[in-house]
Amino acid sequence: MGICLTANRILCEILSTILIVQPYDSYRQFHVYEHHGAAFSTFEDRDLAAIYQLGFKPGIKVRQQYINLLLTLLSPKFYLTFLYGRLKSNLVNLPIWRRAMSLCWWGVLIWLALTYGYGFFLLNIVIPYVLVYQIASLLHLLTEHTWCLRQQGESVRDSHIKNCLGRFCGSACPPDFSLRFTADWIRWTFTHLFFHLPCRMLIV
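Residues numbered from 1 in each chain as written. Predicted model: local features only at pLDDT ≥ 70, side-chain atom pairs only at ≥ 80, totals over all residues. Heavy atoms only, no water.

1. Examining the overall build of the protein chain
Then, number 1: Broken down by element type, the protein chain carries nine helices and zero strands.
Then, number 2: Along the protein chain, helices (α) and strands (β) appear in the sequence α-α-α-α-α-α-α-α-α when read from the amino end.
Then, number 3: Structurally, the protein chain occupies a C-alpha span of about 60 × 55 × 45 Å along its principal axes.
Then, number 4: Sorting the 204 residues of the protein chain into buried and exposed places 27% on the buried side.
Then, number 5: A fraction of 58% describes how many contacts in the protein chain between residues 6 or more apart in sequence connect residues 24 or more apart.
Then, number 6: Element-wise, carbon and sulfur atoms account for 70% of the exposed surface of the protein chain, whose accessible area totals about 13800 Å². (Helix = DSSP H or I, 4+ residues; strand = E, 2+ residues; numbered from the N terminus. Buried < 20%, exposed > 50% of the residue type's maximum accessible area, 1.4 Å probe, protein only. Contact = heavy atoms within 4.5 Å. Areas by Shrake-Rupley, 256 points an atom, 1.4 Å probe, with all protein chains shown as cover.)

What follows is the structure in C-alpha cells.
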C-alpha cells in the first residue's frame, strides 16, 4: 500500500510539473478535504465560487448559459487568469525540490521556444497547454456538478447526491448485426471514434 502511494505521488508530481497543474499535496487538500468536504456546494468551495464568478448560475436560461460559455472561451482574461493560477500553484508554498522541478521545466519550455522558434512553441506548447487544456477543464468543471448552493439544514452527503452528475459517453448500438444496419454501424463507429472517445479522453 505504501509503495503504491509513493508511486502515485511521484507520478503525480512529475505529471503536474509537466502539465503545469496543482501539485499532489495542494490538489489532494483542495479536492478531497475542501471541495468534497464541508465546503461542498457553498461559496467556500473554490470551484463553485469560480463558476459563479464566470456567470454560470442556476436560474439562467440555457441559451444564455451557452452564450456565456462562448464568450468565456473567447475571453483572453479567462485564459490569463487561469494560467496565472496554474503557474502560481507550481511555485508558491511548495517544498524547494518541487519549485526546482517547476523552474527547470519552465527553463526547458523557454529553451524550446528559443531553439525551435515561436511558431513551434505556439503550436506545440501554448495552444495545447493553455487553450485546449483550459477549455477542457472548464467543460469538465461545468458538467461535473449541477452547482446549486447547499440549502440550510441539508447535509454534505445529501448535497452530493443532489448535485453530482453521471456523465456517460456513447450512443446506443444499432438493434443487431444484420446487413440492413450496416450504415448505422458505420455511423456508430465513427461517432464513437471521433466524438465520444475524444470527449471521454480529453474532457471527462
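What follows continues from the structure just given.
2. A look at the side chain of Ser-159
Then, number 1: Within the element layout of this structure, Ser-159 appears in helix α8 (residues 156-163).
Then, number 2: The exposure class of Ser-159 is buried, given its relative accessible area of 0%.
Then, number 3: Apart from residues no more than four positions distant in its own chain, Ser-159 is found in contact with Phe-40, Ser-41, Arg-150 and Glu-154.

3. Side note on the packing of helix α4 (residues 62-73) against helix α7 (residues 118-144)
Then, number 1: Between α4 and α7, the least distance of the axes is 11 Å, while the angle of their chain directions is 155°. Taken together, α4 and α7 sit at an angle that is classed as roughly antiparallel. The handedness of the crossing between α4 and α7 comes out as right-handed. Of α7, the residues touching α4 (which contributes Leu-69, Thr-72 and Leu-73) are Ile-135, Leu-138, Leu-139 and Leu-142.
Then, number 2: By residue class, the composition of the contact of α4 with α7 is six nonpolar, one polar and no charged. (Axes fitted to C-alpha atoms, helices over the stretch in contact; angles between N-to-C directions. Parallel < 35°, antiparallel > 145°, perpendicular 65-115°, else oblique. Left-handed = near helix turned anticlockwise from the far one by under 90°. Nonpolar A, V, L, I, M, F, W, Y, C, P; charged D, E, K, R; others polar.)

4. Remarks on the environment of Leu-48
Then, number 1: As for its placement among the helices and strands, Leu-48 is situated in helix α3 (residues 46-53).
Then, number 2: Leu-48 gets classed as buried once you look at its relative accessible area, which sits at 0%.
Then, number 3: The spatial distance from the C-alpha of Leu-48 to the C-alpha of Tyr-129 is 23 Å, given a sequence separation of 81 residues.
Then, number 4: With residues near it in sequence (within four places) discarded, Leu-48 still touches Ser-41, Thr-42, Phe-43, Trp-147, Cys-148 and Leu-149.

5. Thoughts on helix α2 (residues 24-38)
Then, number 1: Given a rise of 1.5 Å per residue, 15 residues ought to cover 21 Å, and the 21 Å separating the end C-alpha atoms of α2 matches this to within 8%.
Then, number 2: Taken together, the buried positions of α2 are Tyr-24, Phe-30, His-31, His-35 and Gly-37. (Expected span 1.5 Å × (residues − 1).)

6. Quick notes on the packing of aromatic side chains
Two descriptors summarise a pair of aromatic rings, namely the distance from one centre to the other and the angle between the planes of the rings.
Then, number 1: In total, this model carries nine aromatic pairs according to the counting rule given.
Then, number 2: One aromatic cluster in this structure is built from Phe-78, Tyr-79, Phe-82 and Tyr-133. (Phe/Tyr/Trp six-rings, centres within 6.5 Å; stacked < 30°, edge-to-face > 60°.)

7. Things to note about the nonpolar core
Then, number 1: Counting residues in hydrophobic clusters, the biggest one holds 17 residues, and the most contacted among them are Ile-20, Ile-51, Tyr-52, Leu-109, Ile-125, Tyr-129 and Trp-147.
Then, number 2: At the level of elements, α3, α5 (76-89), α6 (96-116) and α7 are the ones that each hand at least two residues to this core.
Then, number 3: With five residues, the top contributor of residues to this core is α7.
Then, number 4: What Ile-125 contacts, discounting residues up to four positions off in sequence, is Leu-109, Leu-112, Phe-120 and Val-130. (Core = buried A, V, L, I, M, F, W, Y, C linked by side-chain atoms within 4.5 Å.)

8. Focus: the state of the cysteines
Then, number 1: Counted according to the given criterion, the structure contains zero disulfides.
Then, number 2: In this structure Cys-148 is not part of a disulfide, and its nearest cysteine sulfur, from Cys-164, lies 12 Å away.
Then, number 3: The class of Cys-148 is partly exposed, set by a relative accessible area of 26%. (Disulfide = S-S within 2.5 Å.)

9. Observations concerning the confidence of the model for the protein chain
Then, number 1: Per-residue confidence for the protein chain averages 90 on the pLDDT scale, and 98% of its residues sit at or above 70.
Then, number 2: By mean pLDDT, α2 is the weakest element of the protein chain at 83, and α6 is the strongest at 95. (pLDDT = per-residue confidence, 0-100.)

10. Some thoughts on unusual backbone geometry
Note on backbone geometry: most residues besides glycine have negative phi, and most peptide bonds are trans.
Then, number 1: Although it is not a glycine, Ser-41 adopts a positive phi angle of roughly 65°.
Then, number 2: Looking at the element boundaries, Ser-41 is found in the loop between α2 and α3.
Then, number 3: A positive phi angle, near 60°, is found at Trp-147, a position not held by glycine.
Then, number 4: Looking at the secondary structure, you find Trp-147 in the loop between α7 and α8.
Then, number 5: Trp-147 sits in the buried class, given a relative accessible area of 5%.

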